Amino acid sequence: MMDRETDADIHTKKVIHMSEHTLLDSISLHPFDAALGAEVRGIDLNQPLSDELVEAVRAAWAEHLVLRFRGQHNLTLEGQIAFSRHFGRLDSRPQASMAMSEQHNALPPEITVISNVKVDGKPLGALGDAEAVWHADMTYNEHAPKGACLFAKEVPPTGGNTHFANMYAAYDALDPATRRYISSLQCIHDASRNSAGELRLGFEDITDPRRTVGATHPLVATHAVTGKSCLMLGRRRNAYVVGLSLEDSEALLDHLWAHATHARFTWAQVWQSGDLLMWDNACTLHRRDAFDPSTRRLMHRTQIASH
Ligand code: OGA
Ligand code: MN
(Lines give C-alpha, C1' and ligand atoms only; values in the text may rest on other atoms or scores of the structure.)
(Ligands and ions follow the chains in the order given, each with its own letter.)
Protein backbone atom coordinates (compact mmCIF):
# COMPACT_ATOMS: atom_id res chain seq x y z
CA MET A 1 0.00 0.00 0.00
CA MET A 2 2.75 2.45 0.96
CA ASP A 3 4.69 1.60 -2.18
CA ARG A 4 1.64 2.30 -4.30
CA GLU A 5 1.09 5.70 -2.76
CA THR A 6 4.71 6.55 -3.36
CA ASP A 7 4.41 5.56 -7.01
CA ALA A 8 1.30 7.66 -7.37
CA ASP A 9 3.05 10.66 -5.84
CA ILE A 10 5.89 10.31 -8.29
CA HIS A 11 3.44 10.13 -11.20
CA THR A 12 1.64 13.26 -10.08
CA LYS A 13 4.90 15.16 -9.61
CA LYS A 14 6.04 14.10 -13.06
CA VAL A 15 2.86 15.41 -14.67
CA ILE A 16 3.05 18.70 -12.81
CA HIS A 17 6.74 18.97 -13.67
CA MET A 18 6.01 18.33 -17.34
CA SER A 19 3.18 20.82 -17.49
CA GLU A 20 5.05 23.56 -15.65
CA HIS A 21 8.42 23.21 -17.23
CA THR A 22 8.14 21.64 -20.64
CA LEU A 23 4.87 23.25 -21.63
CA LEU A 24 5.23 26.46 -19.73
CA ASP A 25 1.95 27.86 -18.52
CA SER A 26 -0.27 26.67 -21.34
CA ILE A 27 -1.19 23.08 -20.29
CA SER A 28 -2.72 22.14 -16.94
CA LEU A 29 -4.22 19.09 -15.27
CA HIS A 30 -7.34 19.37 -13.07
CA PRO A 31 -8.30 16.18 -11.20
CA PHE A 32 -12.02 15.77 -10.49
CA ASP A 33 -13.21 15.57 -6.90
CA ALA A 34 -14.04 11.87 -7.38
CA ALA A 35 -12.55 8.38 -7.44
CA LEU A 36 -11.12 8.93 -10.92
CA GLY A 37 -10.88 11.38 -13.78
CA ALA A 38 -9.12 14.64 -14.58
CA GLU A 39 -9.43 17.38 -17.15
CA VAL A 40 -6.50 18.45 -19.30
CA ARG A 41 -6.69 22.09 -20.35
CA GLY A 42 -4.72 23.98 -22.92
CA ILE A 43 -4.32 21.36 -25.66
CA ASP A 44 -5.77 21.62 -29.16
CA LEU A 45 -6.03 17.97 -30.18
CA ASN A 46 -5.92 18.86 -33.89
CA GLN A 47 -2.31 20.04 -33.49
CA PRO A 48 0.65 17.64 -33.51
CA LEU A 49 1.80 16.92 -29.94
CA SER A 50 5.43 16.97 -28.79
CA ASP A 51 6.89 13.76 -27.35
CA GLU A 52 7.01 15.44 -23.92
CA LEU A 53 3.36 16.30 -24.07
CA VAL A 54 2.40 12.78 -25.16
CA GLU A 55 4.41 11.42 -22.21
CA ALA A 56 2.67 13.83 -19.83
CA VAL A 57 -0.75 12.79 -21.12
CA ARG A 58 0.23 9.12 -20.83
CA ALA A 59 1.32 9.62 -17.20
CA ALA A 60 -1.84 11.58 -16.36
CA TRP A 61 -3.94 8.84 -17.97
CA ALA A 62 -2.23 6.12 -15.91
CA GLU A 63 -2.80 8.19 -12.79
CA HIS A 64 -6.39 9.35 -13.32
CA LEU A 65 -7.79 6.56 -15.60
CA VAL A 66 -10.14 8.92 -17.48
CA LEU A 67 -9.03 12.19 -19.06
CA ARG A 68 -11.30 14.88 -20.47
CA PHE A 69 -10.31 17.46 -23.08
CA ARG A 70 -13.01 20.10 -23.38
CA GLY A 71 -13.80 22.56 -26.17
CA GLN A 72 -12.40 20.49 -29.08
CA HIS A 73 -15.20 21.73 -31.36
CA ASN A 74 -13.11 21.61 -34.52
CA LEU A 75 -11.54 18.20 -33.96
CA THR A 76 -11.42 16.38 -37.30
CA LEU A 77 -11.67 12.64 -37.88
CA GLU A 78 -7.97 12.68 -38.81
CA GLY A 79 -7.13 14.71 -35.70
CA GLN A 80 -8.87 12.23 -33.42
CA ILE A 81 -7.22 9.28 -35.16
CA ALA A 82 -3.74 10.88 -34.97
CA PHE A 83 -4.18 11.76 -31.29
CA SER A 84 -5.41 8.26 -30.40
CA ARG A 85 -2.49 6.63 -32.25
CA HIS A 86 -0.05 8.11 -29.75
CA PHE A 87 -1.33 5.54 -27.25
CA GLY A 88 -1.23 2.42 -29.40
CA ARG A 89 -2.45 0.67 -32.50
CA LEU A 90 -6.09 1.39 -33.30
CA ASP A 91 -8.75 -1.25 -33.78
CA SER A 92 -11.06 -1.07 -36.79
CA ARG A 93 -14.73 -0.67 -35.96
CA PRO A 94 -16.57 -3.93 -35.38
CA GLN A 95 -18.98 -5.14 -38.00
CA ALA A 96 -22.40 -3.59 -37.34
CA SER A 97 -25.27 -5.89 -36.47
CA MET A 98 -27.60 -4.17 -38.97
CA ALA A 99 -27.47 -2.28 -42.26
CA MET A 100 -25.92 1.11 -41.52
CA SER A 101 -26.31 4.42 -43.36
CA GLU A 102 -23.98 5.17 -46.26
CA GLN A 103 -22.70 8.17 -44.32
CA HIS A 104 -21.55 5.72 -41.62
CA ASN A 105 -19.95 3.28 -44.05
CA ALA A 106 -17.93 6.08 -45.70
CA LEU A 107 -16.08 6.93 -42.44
CA PRO A 108 -12.46 5.81 -41.90
CA PRO A 109 -12.37 2.28 -40.42
CA GLU A 110 -10.77 3.59 -37.19
CA ILE A 111 -13.95 5.56 -36.38
CA THR A 112 -16.91 3.89 -34.66
CA VAL A 113 -20.03 6.01 -34.40
CA ILE A 114 -22.04 5.84 -31.18
CA SER A 115 -25.38 7.46 -31.97
CA ASN A 116 -29.15 7.23 -32.04
CA VAL A 117 -29.32 9.34 -35.22
CA LYS A 118 -30.78 7.75 -38.34
CA VAL A 119 -30.16 8.84 -41.93
CA ASP A 120 -32.76 7.65 -44.47
CA GLY A 121 -34.10 5.26 -41.85
CA LYS A 122 -30.72 3.60 -41.31
CA PRO A 123 -28.61 4.04 -38.14
CA LEU A 124 -25.61 6.29 -38.26
CA GLY A 125 -24.12 4.53 -35.24
CA ALA A 126 -24.39 1.94 -32.47
CA LEU A 127 -26.01 1.74 -29.02
CA GLY A 128 -29.16 3.75 -29.85
CA ASP A 129 -30.74 5.81 -27.05
CA ALA A 130 -31.23 3.15 -24.36
CA GLU A 131 -29.21 2.66 -21.21
CA ALA A 132 -25.88 0.87 -21.72
CA VAL A 133 -25.27 -1.20 -18.59
CA TRP A 134 -21.93 -1.31 -16.71
CA HIS A 135 -19.19 -2.95 -18.76
CA ALA A 136 -15.62 -2.80 -19.97
CA ASP A 137 -15.22 -2.88 -23.74
CA MET A 138 -14.72 -6.22 -25.47
CA THR A 139 -13.26 -8.16 -22.55
CA TYR A 140 -15.03 -11.17 -24.07
CA ASN A 141 -11.95 -11.24 -26.34
CA GLU A 142 -8.72 -12.74 -25.10
CA HIS A 143 -6.93 -9.42 -25.61
CA ALA A 144 -9.27 -6.59 -24.65
CA PRO A 145 -8.63 -3.04 -25.88
CA LYS A 146 -6.39 -0.78 -23.82
CA GLY A 147 -8.78 2.11 -23.96
CA ALA A 148 -10.92 4.36 -26.08
CA CYS A 149 -11.35 8.01 -27.00
CA LEU A 150 -14.95 9.17 -27.29
CA PHE A 151 -15.59 12.56 -28.90
CA ALA A 152 -18.95 14.32 -28.55
CA LYS A 153 -20.15 15.94 -31.78
CA GLU A 154 -23.76 16.41 -30.64
CA VAL A 155 -25.23 15.80 -27.19
CA PRO A 156 -28.82 15.79 -25.92
CA PRO A 157 -29.86 18.58 -23.52
CA THR A 158 -30.15 16.04 -20.69
CA GLY A 159 -29.39 12.35 -20.17
CA GLY A 160 -26.83 10.21 -21.98
CA ASN A 161 -24.25 10.80 -19.23
CA THR A 162 -21.40 8.28 -19.07
CA HIS A 163 -20.39 6.89 -15.67
CA PHE A 164 -17.00 5.36 -14.87
CA ALA A 165 -15.89 3.17 -11.95
CA ASN A 166 -12.32 2.76 -10.67
CA MET A 167 -11.42 -0.94 -10.48
CA TYR A 168 -8.13 -0.36 -8.60
CA ALA A 169 -10.05 1.37 -5.83
CA ALA A 170 -12.75 -1.32 -5.84
CA TYR A 171 -10.11 -4.04 -5.53
CA ASP A 172 -8.19 -2.22 -2.79
CA ALA A 173 -11.39 -1.75 -0.76
CA LEU A 174 -12.35 -5.45 -0.76
CA ASP A 175 -11.97 -7.21 2.57
CA PRO A 176 -8.79 -9.33 2.77
CA ALA A 177 -10.72 -12.63 2.88
CA THR A 178 -12.51 -11.83 -0.40
CA ARG A 179 -9.27 -10.65 -1.98
CA ARG A 180 -7.66 -13.97 -1.05
CA TYR A 181 -10.67 -15.99 -2.20
CA ILE A 182 -10.83 -14.41 -5.65
CA SER A 183 -7.06 -14.23 -6.21
CA SER A 184 -6.95 -17.51 -8.13
CA LEU A 185 -10.45 -17.45 -9.67
CA GLN A 186 -11.21 -16.96 -13.36
CA CYS A 187 -14.36 -15.61 -14.95
CA ILE A 188 -15.89 -16.18 -18.40
CA HIS A 189 -16.96 -12.93 -20.12
CA ASP A 190 -20.02 -13.17 -22.35
CA ALA A 191 -19.52 -12.27 -26.02
CA SER A 192 -23.13 -12.74 -27.09
CA ARG A 193 -24.67 -9.33 -26.32
CA ASN A 194 -23.50 -5.72 -26.39
CA SER A 195 -23.94 -3.27 -23.52
CA ALA A 196 -27.30 -2.13 -24.91
CA GLY A 197 -28.45 -5.76 -24.62
CA GLU A 198 -28.51 -6.48 -28.37
CA LEU A 199 -27.60 -10.00 -29.54
CA ARG A 200 -24.44 -9.83 -31.67
CA LEU A 201 -24.29 -11.30 -35.15
CA GLY A 202 -23.71 -15.05 -35.15
CA PHE A 203 -24.36 -15.60 -31.40
CA GLU A 204 -26.91 -17.82 -29.73
CA ASP A 205 -29.03 -16.46 -26.89
CA ILE A 206 -27.44 -18.04 -23.81
CA THR A 207 -29.44 -18.26 -20.60
CA ASP A 208 -27.29 -20.69 -18.59
CA PRO A 209 -24.04 -18.88 -17.68
CA ARG A 210 -22.20 -22.21 -17.52
CA ARG A 211 -22.59 -22.32 -21.32
CA THR A 212 -21.35 -18.78 -21.91
CA VAL A 213 -19.13 -18.26 -24.95
CA GLY A 214 -16.32 -15.75 -24.48
CA ALA A 215 -12.79 -15.28 -23.12
CA THR A 216 -11.76 -16.37 -19.63
CA HIS A 217 -9.86 -13.85 -17.48
CA PRO A 218 -8.66 -13.75 -13.87
CA LEU A 219 -11.02 -11.83 -11.57
CA VAL A 220 -7.96 -9.92 -10.37
CA ALA A 221 -5.84 -8.50 -13.18
CA THR A 222 -2.44 -6.82 -13.12
CA HIS A 223 -2.42 -3.62 -15.13
CA ALA A 224 0.19 -3.76 -17.93
CA VAL A 225 1.40 -0.19 -17.35
CA THR A 226 1.02 0.49 -13.63
CA GLY A 227 1.57 -3.09 -12.39
CA LYS A 228 -1.26 -2.54 -9.89
CA SER A 229 -4.03 -5.05 -9.18
CA CYS A 230 -7.57 -4.30 -10.25
CA LEU A 231 -10.89 -6.11 -10.42
CA MET A 232 -11.65 -7.36 -13.92
CA LEU A 233 -15.40 -7.92 -14.21
CA GLY A 234 -16.19 -7.15 -17.87
CA ARG A 235 -19.96 -7.42 -17.84
CA ARG A 236 -22.44 -9.03 -15.50
CA ARG A 237 -24.83 -10.74 -17.88
CA ASN A 238 -24.01 -14.44 -18.34
CA ALA A 239 -20.71 -14.13 -16.47
CA TYR A 240 -19.56 -17.33 -14.82
CA VAL A 241 -16.77 -18.05 -12.34
CA VAL A 242 -15.02 -21.19 -13.52
CA GLY A 243 -15.12 -24.15 -11.15
CA LEU A 244 -17.90 -22.84 -8.89
CA SER A 245 -21.47 -24.09 -8.72
CA LEU A 246 -23.82 -21.79 -10.63
CA GLU A 247 -25.30 -20.65 -7.33
CA ASP A 248 -21.91 -19.77 -5.79
CA SER A 249 -20.78 -18.06 -8.99
CA GLU A 250 -23.95 -15.91 -9.10
CA ALA A 251 -23.62 -15.00 -5.40
CA LEU A 252 -19.95 -14.05 -5.72
CA LEU A 253 -20.50 -12.01 -8.89
CA ASP A 254 -23.53 -10.23 -7.42
CA HIS A 255 -21.42 -9.30 -4.41
CA LEU A 256 -18.45 -8.10 -6.48
CA TRP A 257 -20.61 -6.09 -8.90
CA ALA A 258 -22.56 -4.36 -6.12
CA HIS A 259 -19.25 -3.47 -4.45
CA ALA A 260 -17.41 -2.37 -7.61
CA THR A 261 -20.13 -0.05 -8.88
CA HIS A 262 -20.75 1.64 -5.53
CA ALA A 263 -20.99 5.43 -5.90
CA ARG A 264 -17.75 5.98 -3.97
CA PHE A 265 -15.75 4.41 -6.81
CA THR A 266 -17.50 6.27 -9.63
CA TRP A 267 -17.60 9.56 -11.51
CA ALA A 268 -20.12 10.73 -14.13
CA GLN A 269 -19.30 12.62 -17.31
CA VAL A 270 -22.02 15.12 -18.20
CA TRP A 271 -21.25 15.74 -21.84
CA GLN A 272 -20.78 18.99 -23.67
CA SER A 273 -20.29 18.95 -27.41
CA GLY A 274 -16.56 19.30 -28.08
CA ASP A 275 -15.60 17.00 -25.17
CA LEU A 276 -13.13 14.23 -25.89
CA LEU A 277 -12.87 11.62 -23.16
CA MET A 278 -10.25 8.91 -23.05
CA TRP A 279 -10.64 5.96 -20.67
CA ASP A 280 -8.38 3.17 -19.57
CA ASN A 281 -10.40 0.06 -20.38
CA ALA A 282 -8.27 -2.28 -18.24
CA CYS A 283 -8.95 -0.66 -14.85
CA THR A 284 -12.38 0.96 -15.28
CA LEU A 285 -15.98 0.03 -16.00
CA HIS A 286 -18.40 2.39 -17.72
CA ARG A 287 -22.12 2.70 -18.34
CA ARG A 288 -24.36 5.18 -20.10
CA ASP A 289 -27.71 6.64 -19.07
CA ALA A 290 -30.64 6.48 -21.46
CA PHE A 291 -31.79 9.72 -23.09
CA ASP A 292 -34.83 11.13 -24.85
CA PRO A 293 -35.09 9.37 -28.24
CA SER A 294 -36.40 12.54 -29.87
CA THR A 295 -33.05 14.28 -29.16
CA ARG A 296 -29.74 13.68 -30.98
CA ARG A 297 -26.54 12.23 -29.58
CA LEU A 298 -23.62 11.73 -31.96
CA MET A 299 -20.19 10.55 -30.81
CA HIS A 300 -17.05 9.41 -32.65
CA ARG A 301 -15.01 6.71 -30.95
CA THR A 302 -11.50 5.43 -31.58
CA GLN A 303 -10.38 2.27 -29.82
CA ILE A 304 -6.79 1.58 -28.77
CA ALA A 305 -5.88 -2.08 -29.24
CA SER A 306 -4.64 -4.35 -26.46
CA HIS A 307 -1.15 -4.07 -24.98
C1 OGA B 1 -18.63 2.83 -25.77
C2 OGA B 1 -19.67 3.16 -24.79
C3 OGA B 1 -20.93 4.95 -23.89
C4 OGA B 1 -21.44 6.27 -24.31
O5 OGA B 1 -18.46 3.61 -26.71
O6 OGA B 1 -17.96 1.81 -25.60
O7 OGA B 1 -19.94 2.36 -23.93
O8 OGA B 1 -21.57 7.13 -23.46
N9 OGA B 1 -20.21 4.36 -24.91
O10 OGA B 1 -21.75 6.45 -25.50
MN1 MN C 1 -18.42 0.72 -23.91
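Keep in mind that what you see is a predicted model, and the values were worked out from it rather than measured.

> Residue-level account of unusual backbone geometry, with values.
The backbone of leucine 65 shows a phi angle near 75°, a positive value even though the residue is not glycine. Position of leucine 65 among the secondary structure elements: in the loop between α2 (51-64) and β3 (66-69). Despite not being glycine, asparagine 238 has its phi angle at roughly 65°, a positive value. Position of asparagine 238 among the secondary structure elements: in the loop between β14 (229-231) and β15 (240-241).

> An account of the sheet that holds strand β12 (residues 216-218) is needed here, citing residue identities and associated values.
The sheet built from 3 strands is open, its strands ordered β12-β11-β15 with antiparallel pairing. The sheet terminates laterally at β12 and β15, the two strands that pair on one side only. Relative to β15, strand β11 (residues 186-188) runs antiparallel, the two sharing 2 bridges. Bridge assignment links isoleucine 188 to a residue of β15, and that residue is tyrosine 240.

> Outline the domain arrangement of the chain, supporting the account with residue identities and numerical values.
For the chain, the assigned domains are domain 1 (7-159 + 271-281 + 300-304) and domain 2 (166-260). Put simply, the middle of domain 1 and the middle of domain 2, counted by C-alpha atoms, are 25 Å apart. In total, domain 1 and domain 2 occlude about 1700 Å² of area from one another, counting both sides; carbon and sulfur atoms represent 58% of this. There are 0 salt bridges connecting domain 1 and domain 2.

> Lay out the pairing of strand β10 (residues 162-166) in plain terms, naming residues and giving numbers.
With respect to burial, β10 is a largely interior element, 5 of its 5 residues being buried. Taking every second residue as pointing to the same face, both faces of β10 are buried, with Thr162, Phe164 and Asn166 on one and His163 and Ala165 on the other. Where β10 and strand β16 (residues 266-269) come together, 4 bridges link them in antiparallel fashion. Among the inter-strand pairings, phenylalanine 164 is bridged to a residue of β16, identified as tryptophan 267. By the bridge criterion, 5 bridges tie β10 to strand β18 (residues 284-288) in an arrangement that is antiparallel. Across the sheet, the residue bridging to asparagine 166 is threonine 284, located in β18.

> Explain the site of ligand 1 to me, using residue names and the numbers behind them.
Surveying the vicinity of ligand 1 reveals the residues Ile114, Leu127, His135, Asp137, Leu150, Thr162, Trp279, His286, Arg288, Arg297 and Arg301. Histidine 135 is positioned such that a nitrogen or oxygen atom in its side chain is 3.2 Å from an oxygen atom of ligand 1. With respect to ligand 1, the side chain of arginine 301 contributes an N or O atom lying 2.5 Å from an oxygen atom. Here ligand 1, which alone exposes 290 Å², has 99% of that area covered by the protein. Residue classes in the shell around ligand 1 are distributed as 4 nonpolar, 3 polar and 4 charged.

> Account for the pairing of strand β1 (residues 28-31), naming residues and giving values.
Two elements, β1 and strand β2 (residues 38-41), share 4 bridges in a ladder whose sense is antiparallel. Counterpart to histidine 30 in the pairing with β2 is glutamate 39. With antiparallel pairing between neighbouring strands as the criterion, β1 and β2 make up a hairpin whose turn holds 6 residues, including glycine 37 at a positive phi of roughly 100°.

> Please give an account of the packing of aromatic side chains that cites residues and values.
Applying the stated rule across the entire model yields 6 aromatic pairs. Centre to centre, the rings of phenylalanine 32 and tryptophan 267 are 4.6 Å apart; their planes meet at 10°, and the pair counts as stacked. Highlighted residues: phenylalanine 32 in the loop between β1 and β2 and tryptophan 267 in strand β16, separated in sequence by 235 residues. In this structure, arginine 179 is placed above the aromatic ring of tyrosine 171, and the distance from its NZ or CZ to the ring centre is 5.6 Å.

> Talk me through the pattern of salt bridges; I want residue IDs and the actual numbers.
As enumerated under the stated definition, the model contains 13 salt bridges in all. Here arginine 296 ties to glutamate 154 by a salt bridge, and the two come within 2.7 Å at their closest N and O atoms. One end of the pair, arginine 296, is in the loop between β18 and β19 (298-304); the other, glutamate 154, is in strand β9 (residues 147-154), with 142 residues separating them in the sequence. Here glutamate 154 falls in the partly exposed class, since its relative accessible area comes to 27%. Between arginine 236 and glutamate 250 there is a salt bridge whose closest N-O contact spans 3.0 Å. You can see arginine 236 sitting in the loop between β14 and β15 and its partner glutamate 250 sitting in helix α7 (residues 246-260), a full 14 residues away along the chain. Take arginine 236: its relative accessible area is 21%, and that puts it in the partly exposed class. You can call glutamate 250 partly exposed: its relative accessible area is 27%.

> Which residues make up the side chain of histidine 300, and what values go with them?
Here histidine 300 is to be found in strand β19. Here histidine 300 falls in the buried class, since its relative accessible area comes to 9%. For histidine 300, the residues in contact, after removing those within four places along its chain, are Leu77, Gln80, Ile111, Thr112, Val113, Cys149, Leu150, Phe151 and Lys153.

Conventions and cut-offs
Residues numbered from 1 in each chain as written. Chains lettered and ligands numbered in written order. Predicted model: local features only at pLDDT ≥ 70, side-chain atom pairs only at ≥ 80, totals over all residues. Heavy atoms only, no water. Helix = DSSP H or I, 4+ residues; strand = E, 2+ residues; numbered from the N terminus. Pairing = 2+ DSSP bridges. Domains from an automatic or database assignment. Buried area = accessible area lost by both parts, 1.4 Å probe. Salt bridge = Lys/Arg side-chain N within 4 Å of Asp/Glu carboxyl O. Buried < 20%, exposed > 50% of the residue type's maximum accessible area, 1.4 Å probe, protein only. Near = heavy atom within 4 Å. Polar contact = N/O pair within 3.5 Å; in protein donor to acceptor, adjacent residues only side chain to side chain. Areas by Shrake-Rupley, 256 points an atom, 1.4 Å probe, with all protein chains shown as cover. Nonpolar A, V, L, I, M, F, W, Y, C, P; charged D, E, K, R; others polar. Phe/Tyr/Trp six-rings, centres within 6.5 Å; stacked < 30°, edge-to-face > 60°. Lys NZ or Arg CZ within 6 Å of the ring centre and 35° of its normal. Contact = heavy atoms within 4.5 Å.

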